[in-house]
Amino acid sequence: MMGLYSGFVGILVASYGNQLFGQHPIDAEMYLTMVFIALCPKLDKMLPETEPEEKLRPISSY
């Protein structure tokens, strides 16, 4: 999500001088990025719960 957000902000900053946001290959990606950013809280709730760190056993060395 940080990568998508960084790319989104970069294209918005680049659109200040040039009109990049409305061009063909970029506009579909930007609209999908906005959807994923809006759905991020819901996607985070769908992740399985992890075990607390004290219950995790260390991996034995080879």
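Predicted, not measured: the structure shown is a model, and the values here were computed from it.

(A) Just the overall build of the chain, in detail. Helices and strands together make up the secondary structure of the chain, namely two helices and zero strands. Counting across all 62 residues of the chain, residues that qualify as buried make up 10%. For the chain, the accessible area works out to roughly 5,800 Å², and carbon and sulfur atoms hold 64% of it.

(B) Examining a nonpolar patch on the surface more closely. Residues M1, L4, L32, V35, F36, L39, L43 and M46 make up a contiguous nonpolar surface patch of about 720 Å² in total accessible area. Here the element with the most residues in the nonpolar patch is helix α2 (residues 24-45); it accounts for five residues. On the secondary structure map, M1 appears in the segment before α1 (2-14). Given the relative accessible area of 42%, M1 is considered partly exposed.

(C) The arrangement of the packing of α1 against α2 in detail. At a minimum axis separation of 10 Å, α1 and α2 run at an interaxial angle of 130 degrees. What the angle tells us is that α1 and α2 run oblique. The interaxial crossing formed by α1 with α2 has left-handed handedness. Together, L4, Y5, F8 and I11 of α1 and I26, M30, T33, M34, F36 and I37 of α2 make up the contact between the two elements. Tallied by class, residues from the contact of α1 with α2 come to nine nonpolar, one polar and no charged.

Rules used in this analysis
Residues numbered from 1 in each chain as written. Predicted model: local features only at pLDDT ≥ 70, side-chain atom pairs only at ≥ 80, totals over all residues. Heavy atoms only, no water. Helix = DSSP H or I, 4+ residues; strand = E, 2+ residues; numbered from the N terminus. Buried < 20%, exposed > 50% of the residue type's maximum accessible area, 1.4 Å probe, protein only. Areas by Shrake-Rupley, 256 points an atom, 1.4 Å probe, with all protein chains shown as cover. Patch = residues over 30% accessible without salt bridge, like charges linked within 9 Å, V, L, I, M, F, W, Y side chains within 5 Å. Salt bridge = Lys/Arg side-chain N within 4 Å of Asp/Glu carboxyl O. Axes fitted to C-alpha atoms, helices over the stretch in contact; angles between N-to-C directions. Parallel < 35°, antiparallel > 145°, perpendicular 65-115°, else oblique. Left-handed = near helix turned anticlockwise from the far one by under 90°. Contact = heavy atoms within 4.5 Å. Nonpolar A, V, L, I, M, F, W, Y, C, P; charged D, E, K, R; others polar.

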